[in-house]
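# A structural walkthrough
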Amino acid sequence: MEPPKFIVIGGGVAGLIAAQTLEAAGHAPVLLEAADAVGGRLRTDEVDGFRLDRGFQVLLTQYPEVKRYLDLRALGVEKFRPGAHVHTRQQHFRFADPLREPAQLFRSALSPVGTLQDKIRLAQLGFKVMRLTPEECFTGFDEQSTIDYLWEYGFSEQIVERFFRPFFGGIFVEQKLLTPAAMFRFILKMFAQGDAVLPAEGIEAIPKQLAGKLARTEIRLGTRVRALTDDTVTLDDGSTLEARAVIVACAPDALFPQLAGTVRAWRSTTNLYYYSTRRLKENRLINLVADPTSTINTFCVLDEVAPTYKQQGQGGSLISVSLKACPDTDSIAQVEQDLLRHSRLPNDALRLLKRYDIEHALPELDAVSYSYQATQSRLIDRVFLAGDQQLNGSLDAAMRSGRLAAEGALRT
Ligand SMILES: Cc1cc2nc3c(=O)[nH]c(=O)nc-3n(C[C@H](O)[C@H](O)[C@H](O)COP(=O)(O)OP(=O)(O)OC[C@H]3O[C@@H](n4cnc5c(N)ncnc54)[C@H](O)[C@@H]3O)c2cc1C
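Residues numbered from 1 in each chain as written. Predicted model: local features only at pLDDT ≥ 70, side-chain atom pairs only at ≥ 80, totals over all residues. Heavy atoms only, no water.

## Re the pairing of strand 12 (residues 232-235)
Rules: Between buried and exposed lies partly exposed: a residue is buried under 20% and exposed over 50% of the maximum accessible area for its type, with that area taken using a 1.4 Å probe on protein chains only. Comment: elements are numbered from the N terminus, with helices defined as DSSP H or I runs of at least four residues and strands as E runs of at least two. At least two DSSP bridges between two strands are required for those strands to pair.
Going residue by residue along strand 12, you find Thr232 and Thr234 tucked away on one face and Val233 and Leu235 tucked away on the opposite face as well. Two strands pair when backbone bridges link them, and strand 11 (residues 225-228) and strand 12 are joined in this way by three bridges, in the antiparallel orientation. Across the sheet, the residue bridging to Leu228 is Val233, located in strand 12. Between the end of strand 11 and the start of strand 12, which pair antiparallel, lie three residues. Two strands pair when backbone bridges link them, and strand 12 and strand 13 (residues 240-242) are joined in this way by three bridges, in the antiparallel orientation. Bridge assignment links Val233 to a residue of strand 13, and that residue is Leu241.

## Some remarks on the site of the ligand
Filter applied, for reference: In this text, near means that some heavy atom of the residue lies within 4 Å of the molecule or strand in question. In the analysis that follows, any N or O atom pair within 3.5 Å is treated as a polar contact, provided that within protein one partner can donate a hydrogen and the other can accept it, and provided that, for residues neighboring in sequence, both atoms belong to side chains. For accessible areas, the Shrake-Rupley method is used with a probe of radius 1.4 Å. Any residue's cover is judged against the shown protein chains and nothing else. Gly falls in the polar group here, along with every residue not listed as nonpolar (Ala, Val, Leu, Ile, Met, Phe, Trp, Tyr, Cys, Pro) or charged (Asp, Glu, Lys, Arg).
In the vicinity of the ligand there are 32 residues, among which Glu33, Arg41, Tyr63, Asp388 and Leu395 approach most closely. In the model, an oxygen atom of the ligand is placed 3.5 Å from a nitrogen or oxygen of the Val58 main chain. At 2.7 Å from an oxygen atom of the ligand is found a side-chain nitrogen or oxygen belonging to Asp388. Contact with the protein chains hides 89% of the accessible area of the ligand, taken as 1000 Å² for the molecule alone. Every element with two or more residues in the shell around the ligand is listed here: helix 1 (13-24), strand 19 (350-365) and helix 13 (395-410). No other element matches the three residues that strand 19 contributes to the shell around the ligand. A breakdown of the residues in the shell around the ligand according to their chemical character gives 17 nonpolar, eleven polar and four charged.

## Comments concerning the nonpolar core
In a soluble, globular protein the nonpolar side chains are often hidden away together inside. We apply this condition: We call a set of buried residues a nonpolar core when its members are Ala, Val, Leu, Ile, Met, Phe, Trp, Tyr or Cys and they connect through side-chain atoms within 4.5 Å of each other. Whether two residues are in contact is decided by their heavy atoms, any of which lying within 4.5 Å being enough.
Residues Phe163, Phe164, Phe168, Phe184, Ile187, Ile206 and Ile247 are the most contacted members of the largest nonpolar core, which totals 94 residues. Among the elements that make up this core, the one with the highest residue count is helix 9 (residues 181-193) (nine residues). Setting aside residues up to four positions removed in sequence, Phe168 forms contacts with Phe163, Val173, Leu177, Phe184, Ile187 and Leu188.

## As for helix 10 (residues 205-212)
By the criterion of burial, helix 10 is predominantly enclosed, with six of the eight residues buried. The complete set of buried residues in helix 10 reads Ala205, Ile206, Pro207, Gln209, Leu210 and Ala211. Of the surrounding elements, those touching the buried residues of helix 10 are helix 1, strand 5 (59-60), helix 2 (64-69), helix 3 (72-75), strand 10 (218-220) and helix 13.

## Let's talk about the packing of helix 7 (residues 146-153) against helix 9
What counts, and what does not: Fitting a line to C-alpha atoms yields each axis, with helices limited to the stretch in contact; the angle taken between N-to-C directions then spans 0 to 180 degrees. By the definition adopted for this analysis, an angle is roughly parallel if under 35 degrees, roughly antiparallel if over 145, roughly perpendicular if from 65 to 115, and oblique otherwise.
Here helix 7 crosses helix 9 at 70°, and the two axes come no closer than 7 Å. In terms of orientation, helix 7 lies roughly perpendicular with respect to helix 9. Contacts from Thr146, Tyr149 and Leu150 of helix 7 reach helix 9 at Ala181, Phe184 and Arg185. When grouped by side-chain class, the residues that make up the contact of helix 7 with helix 9 number four nonpolar, one polar and one charged.

## Re the sheet that holds strand 9 (residues 196-198)
Reading across from one edge, 5-9-6 is the order of the three strands in this open sheet, with antiparallel pairing throughout. The outermost strands of the open sheet, each flanked by one partner alone, are strand 5 and strand 6 (78-79). Note that strand 5 and strand 9 share two bridges and pair antiparallel. Considered in strand 9, the bridge of Leu59 is made with Val197.

## A closer look at the packing of helix 8 (residues 157-172) against helix 9
For the pair helix 8 and helix 9, the least separation of the axes is 12 Å and the interaxial angle reads 100°. The orientation of helix 8 with respect to helix 9, classified from their angle, is roughly perpendicular. Judged by residue contacts, Phe164, Phe167, Phe168, Ile171 and Phe172 of helix 8 engage Met183, Phe184, Ile187, Leu188 and Phe191 from helix 9. Per-class residue counts for the contact of helix 8 with helix 9 are ten nonpolar, no polar and no charged.

## Thoughts on the pattern of salt bridges
Stated precisely, the cut-off is as follows: The term salt bridge refers to a side-chain nitrogen of Lys or Arg lying within 4 Å of a carboxyl oxygen of Asp or Glu.
Scanning all chains against the criterion turns up 20 salt bridges. With a closest N to O distance of 3.0 Å, Arg341 and Asp338 form a salt bridge. With a gap of three residues between them, Arg341 and Asp338 both fall in helix 12 (residues 332-343), about one helical turn apart. Arg341 gets classed as partly exposed once you look at its relative accessible area, which sits at 34%. For Asp338, a relative accessible area of 1% puts it in the buried group. Beyond isolated ion pairs, a larger network of salt bridges with shared partners links Glu65, Arg68, Asp396, Arg400, Arg403 and Glu407.

## Side note on the domain arrangement of the protein
We apply this condition: Residue ranges assigned to the domains are those given by an automatic or database domain assignment. Here the buried area means the combined drop in accessible surface, using a 1.4 Å probe, for two parts upon being joined, counting both sides.
Along its sequence, the protein is carved into domain 1 (6-42 + 204-262 + 373-410), domain 2 (44-78 + 266-363) and domain 3 (98-194). With centres defined by C-alpha atoms, the gap from domain 2 to domain 3 works out at 23 Å. Listed as interface residues are 17 residues of domain 2 and, on the opposing side, 20 residues of domain 3. Interface of domain 2 and domain 3: buried area, both sides summed, is about 1300 Å²; carbon and sulfur atoms make up 71% of it. Summed over the three residues of domain 2 that lose the most area to domain 3, namely Gln62, Arg267 and Leu288, the buried surface amounts to 37% of that side. Inspection of the region where domain 2 meets domain 3 yields three residue pairs in polar contact (both at pLDDT 80 or more).

## Section: the sheet that holds strand 16 (residues 286-289)
Ordered in space as 8-7-16-17-18-15-19, the seven strands form an open sheet in which the pairing is mixed. Here the strands that pair on one side only, and so sit at the sheet edges, are strand 8 (92-95) and strand 19. The sheet shows a mean angle of 25° between the axes of neighbouring strands, direction not considered. Note that strand 16 and strand 17 (residues 296-301) share two bridges and pair antiparallel. Of the residues in strand 17, the one forming a bridge with Asn287 is Phe299. Running at roughly 110° to strand 16, helix 8 makes contact with strand 7 (84-87), strand 8, strand 15 (263-276), strand 16, strand 17 and strand 19 of the sheet. Along the sheet face, helix 12 touches strand 7, strand 8, strand 15, strand 16, strand 17, strand 18 (317-323) and strand 19 and points at about 60° away from the line of strand 17.

Here it is in C-alpha cells:
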C-alpha cells in the first residue's frame, strides 16, 4: 500500500479541520488519535440518562471559524439567555445585558452589579469592540492583563468582583484575570454579537459533525504516537509511518522536547453535575457566584437551556457546577452546601451524578494571537503545528490553527 502523503496527529477540532482542509485539496490523510473517539477536549458522556459534557463549555456562534465550518442548524443548538444571575453573600439578583436585550435597559440600570457609571462604561466598551475586527481586538493588547485593562478602563471593584471575575474567570479558567486583555476584548465582542449555545446532543456533537464530513480520511483511534522525526512517525506499538508532511494537532512538547515550555502550564478545572429532584428555574441564565466564601464560580441549569440534556419525561433539573479551584474529596460536601445556599433548593434535593477533574483545560501561553501566515505553522522541514496552544485558548483558535497548518503542509 502506498504510504499516506499527509499524517495528522490528534483528533480534536484542530486535527479534524486540518484533515478537512487536506481532503478539500484532493488528499486522503491518515489521522492518528490516541483516545477511543475523536473530540479531544470536546467530549460528552451519557450517565443515568443525562448528557454530561466533560467540563462545562459553551459554543459561541460568532466565532469566525464556527461560522465557516459548523452547521449550527444541524447541531440543533439551544441558546443561553444573555445576562446572568449574580449571587453575592447577601443578595441574589439578575443582571440583564442591555446590548442584547434593550427592553431590559431599565432593569439593567437598577441592578446592583455595579455603579451606573460601570454600566455606561460597559455599554461603551461593548459598542467599541463591536466596531473592531477580531484582529483589532488583539492588536496591542497581548501584554496587558485583563484585570489591568478593566482597572484602566475605570470599572469599579464592585462590577469587577460581581461580574467580570466570575464570568471571565470561568471562561479563562483562572480567577486572577491575568489572561491578556486581547482575549477579553475578543470574547466580549463574540458575546456582544452572537449567542452562547449548546448543541442538542452535547458538546461532542461538534467534533462528530466535523468527523462526519471526512470522506477520505482514515481515522485510526486508540493509536498513540510515541515519537516523531522529520518524516517518520513512530507509534506506541513500535511500528512506523512515513509521510510527505505531518501535522501535529496536539500539545507538541511531548513529541519534541525542544518545545518544552511553549505551554507554560495548563489551567485545570473541576466540574460537578447534580440532579435536583426539585425543578430549578433560572430562565436559561448562567449563575455567577460573587461570594468569596463559596467554592463555586458558576452554575447553570443545563436542561433549561437544552432540554435534550436529560431524558424526555424526566422531572427535576440537571445542574452543572464549575468550581473556583480543584477541591479535595472532603470539600465536596462544602460544594453541595454552597449550591444549596445559592440555589435555595431544599436540603435533600441534590444527587451528585459525576465529577470531572480536568487537568488540561486551557493552555497558559506567553503570548496570544488571532492568526498568522500558514507558513508560520511550520516547525521543521515537514512538520507543521496545530492546536489551540498555537494562537490562544479557544475553540476558534483550535479550528483556525488546523486550517493554517494544513495550508502550510500543502505547500511542501
Ligand atoms: C472545561 C473546558 C472548558 C472550555 N471552555 C471553552 C469555551 O467556553 N469556549 C472556547 O472557545 N473554548 C473552550 N475550551 C477550550 C476548547 O475546548 C479547546 O480550545 C479546543 O477543544 C482545543 O482543540 P484542539 O484540537 O486544539 O486540542 P484537543 O482537543 O486537546 O485535541 C488534541 C487531541 O490529540 C490527541 N493526542 C494527544 N497526544 C497524542 C499522541 N501522542 N498521539 C495521538 N493523539 C494524541 C488527544 O487525545 C486529543 O484528542 C474549554 C476547554 C475545556 C476543557
